[in-house]
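Coordinate inspection notes
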Amino acid sequence: MNTIYMDHHATTPVDPVVLETMLPFFNQHFGNPSSTTHEYGHTANRAVHHARQQIAKLVGAEQSDEILFTSGATESNNLALKGVIKKSKPGSRLITIATEHKAILDTCKALEKEGYGVDYCKIDSSGKTDLVDLEQKITPQTVLISIQIANSEIGTIQPVADIARIAKKHDLLFHTDAAQACGKLDLNVSRDNIDLLSLSAHKMYGPKGVGALYVKQGIRLYPLIHGGGHERGMRSGTLNVPGVVGFGAAAEIARQDLLTEVPRLTALREKLIAGIQNRLDFVQLNGHPTDRLANNVNFSFAFVEGESLILACKPFALSSGSACTSASLQSSYVLKEIGVPDSLAHCSIRFGLGKSNTEEHIDLLIQTLEKQVTRLREMSPLYDMAKEGIDIDSFQWSDHHH
Ligand SMILES: *Cc1c(COP(=O)(O)O)cnc(C)c1O
């Protein structure tokens, strides 16, 4: 049987229309968009400008030149954080949360080594930011708040407009990583008072290696890359024109899909959650029950090792956590940060739904999970004890119920 891809948080396939749009820009319209002396350059330049407009429209930016192209959300996050902090006084601080993508967390660590400060705001057991704590964490040295819109492992959606309001009130800049949210939620930087926003094309059916940072007009960032002064001096280097054109096309499609694809995915998500909860005992949904990405389901199946279950669910391509941490046998830091005990975190699977997934896939997945979880639990003495109501303290099962 063909593999059924259900790991759309890790990456998505390039939409056929996007690919079509990109192809002529490899060897037909191959000009350098900075070459203004001939038609090759003008054609490339027009295409880049169009893509900028498509992306600006998707995020509600007022001007297309507020969109800077990068190599992806990792670079955008680096540029946002380092770019703001390095323009600020020595000892400046930023506030974030511990469940951010590594592209934020590792950037924070690097900045701390350089003498800047990072404060981690409290989150609740669903992964949501504690707004009271956020305001208390603000110091006179704080210059930036960076909190993602939605989490790539547990799908939890943050109260971004409220966070932005707090940032405004204290005259701080607000950056948000929208790599997972883009195409799933109605983004609007103007409405929500967002100063900086990171995007990645390959999370929304565009090509890999291209992303963007929305930079509100008037904000100047210290550049990570010096060169010919491209992208308003904040990101030099000749643009990846086919990638940029593909990203623009993907943004256009994503905007149209908000009305049709997102409700469809939400229905599939709810069917999968209900199916698992109705057919299996000792399961726990991780993340927020309702404020979550339309395509995200994350469950702990107690007494079953996540990796074994993934292997047993053969036709499905699934992930046991974030793709980067699943290489090591450490359990997910995101689950740890929301208080899921290690014993349960090791039993967790992330289901990332996408355009190719159908209701039949969900039916088959529920059947497969029921069968395989039951089979794997037959080998678990702990499961027998739990079923008989014996208190299995060591498992800490009672630790974390929503
Ligand atoms: C995938 C992802 C990134 C990294 O994006 P790349 O374009 O792969 O560098 C950053 N943040 C989040 C939330 C992501 O899901």
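Along each chain, residue indices are assigned from 1 in the same order as the chain's sequence is written. At least 70 in pLDDT is required for a residue's local features to be given in this predicted model, at least 80 for side-chain atom pairs to be given and counted, and no such filter applies to totals for whole chains, interfaces and linings, which use all residues. With hydrogens and water set aside, each side-chain value is computed from the structure's full complement of heavy atoms.

**A look at the overall build of the chain**
When you go through the chain residue by residue, the secondary structure sums to 14 helices and 12 strands. Using C-alpha atoms as the atom set, the radius of gyration is obtained and then compared with a globule rule of 2.2 Å times the number of residues to the power 0.38. Over its C-alpha trace the chain gives a radius of gyration of 22 Å, about what one expects of a compact globule, namely 21 Å for 402 residues. Dimensions of the chain along its principal axes, counting C-alpha atoms only, are 80 × 55 × 35 Å. The classification of residues rests on relative accessible area computed with a 1.4 Å probe and restricted to protein chains. Under 20% of the type maximum is buried, over 50% is exposed, and intermediate values are partly exposed. Among the 402 residues that make up the chain, the fraction classed as buried is 57%. The long-range fraction of contacts in the chain, counting pairs at least 24 apart against all pairs at least 6 apart in sequence, stands at 73%. The helix and strand labels rest on DSSP assignments: H or I over at least four residues marks a helix, E over at least two residues marks a strand, and numbering proceeds from the N terminus. Here, residues are in contact when the closest pair of their heavy atoms is within 4.5 Å.

**So, the domain arrangement of the chain**
One widely used convention gives an interface's size as the accessible area the parts lose upon coming together. Taken domain by domain, the chain comprises domain 1 (16–254) and domain 2 (258–401). Buried area is calculated as the accessible area (1.4 Å probe) missing from two parts once they are joined, with the contributions of both summed. Regarding the contact of domain 1 and domain 2, the summed buried area is about 2,200 Å², with carbon and sulfur atoms giving 61% of it. Put simply, a salt bridge is a Lys or Arg side-chain nitrogen that is within 4 Å of an Asp or Glu carboxyl oxygen. Inspection of the domain 1/domain 2 interface yields 1 salt bridge. Counting of polar contacts relies on pairs of N or O atoms within 3.5 Å, with two restrictions inside protein: one atom must be capable of donating a hydrogen and the other of accepting it, and residues adjacent in sequence are counted only when both atoms are side-chain atoms. Inspection of the domain 1/domain 2 interface yields 12 residue pairs in polar contact (both at pLDDT 80 or more). Where the side of domain 1 that touches domain 2 is concerned, the elements lending two or more residues are helix H5 (102–113) and helix H8 (241–257). Polarity classes work like this: nonpolar for Ala, Val, Leu, Ile, Met, Phe, Trp, Tyr, Cys and Pro, charged for Asp, Glu, Lys and Arg, and polar for all others, with Gly in that last group. Split into classes, the residues belonging to the side of domain 1 that touches domain 2 amount to 11 nonpolar, 11 polar and 7 charged. Segmentation into domains, and thus their bounds, comes from an automatic or database assignment.

**Details of the site of the ligand**
Near, as used in this document, describes a residue that has one of its heavy atoms within 4 Å of the molecule or strand being considered. The immediate surroundings of the ligand are formed by Gly72, Ala73, Thr74, Asn77, His101, Ser152, Asp177, Ala179, Gln180, Ser200, His202 and Lys203. Between aspartate 177 and the ligand, the recorded distance is 2.6 Å, taken from a side-chain N or O atom to a nitrogen atom. Take glutamine 180: an N or O atom from its side chain is 2.7 Å from an oxygen atom of the ligand. Method for areas: the Shrake-Rupley scheme with a 1.4 Å probe, in which residue coverage is limited to the protein chains shown. The fraction of the free accessible surface of the ligand (380 Å²) that becomes covered by protein chains is 88%.

**Side note on the pairing of strand E5 (residues 142–146)**
Counting buried positions over the 5 residues of E5 gives 4, a clear majority of the element. Alignment of strand E3 (residues 93–96) against E5, held across 3 bridges, turns out to be parallel. Note on E5: the bridge partner recorded for arginine 93 is threonine 142. Strand pairing requires that DSSP identify at least two bridges connecting the strands. The sheet contact formed by E5 and strand E6 (residues 173–177) spans 3 bridges and is parallel. By the bridge assignment for E6, leucine 144 is matched with leucine 173. With the strands pointing away from the viewer, any crossover whose connection runs clockwise from the first strand over the helix to the second is right-handed. Viewed along the sheet, the connection from E5 through helix H7 (residues 160–169) into E6 turns out right-handed.

**Considering the environment of valine 304**
Within the secondary structure, valine 304 sits in the loop between strand E10 (296–301) and helix H10 (306–312). The exposure class assigned to valine 304 is buried, which follows from its relative accessible area of 2%. With 73 residues separating them in the primary sequence, valine 304 and arginine 377 have C-alpha atoms 6.3 Å apart. For valine 304, the residues in contact, after removing those within four places along its chain, are Leu309, His346, Cys347, Val373, Leu376 and Arg377.

**Concerning the nonpolar core**
Residues enter a nonpolar core if they are buried and are Ala, Val, Leu, Ile, Met, Phe, Trp, Tyr or Cys, with the set joined through side-chain atoms within 4.5 Å. In this structure, Ile67, Phe69, Ile145, Phe174, Leu197, Leu199 and Phe247 are the most contacted members of the largest nonpolar core, which totals 70 residues. For this core, the leading source of residues is H8, giving 9 residues. Structurally, this core is a two-domain feature, drawing no fewer than three residues from each of domain 1 (16–254) and domain 2 (258–401). Excluding residues within four positions of it along the chain, phenylalanine 69 makes contact with Val48, Ala51, Arg52, Ile55, Gly211, Ala212, Glu231, Arg235, Leu239, Val244 and Phe247. Within the second largest apolar cluster, 31 residues are counted, among which are Val262, Leu265, Val283 and Leu376.

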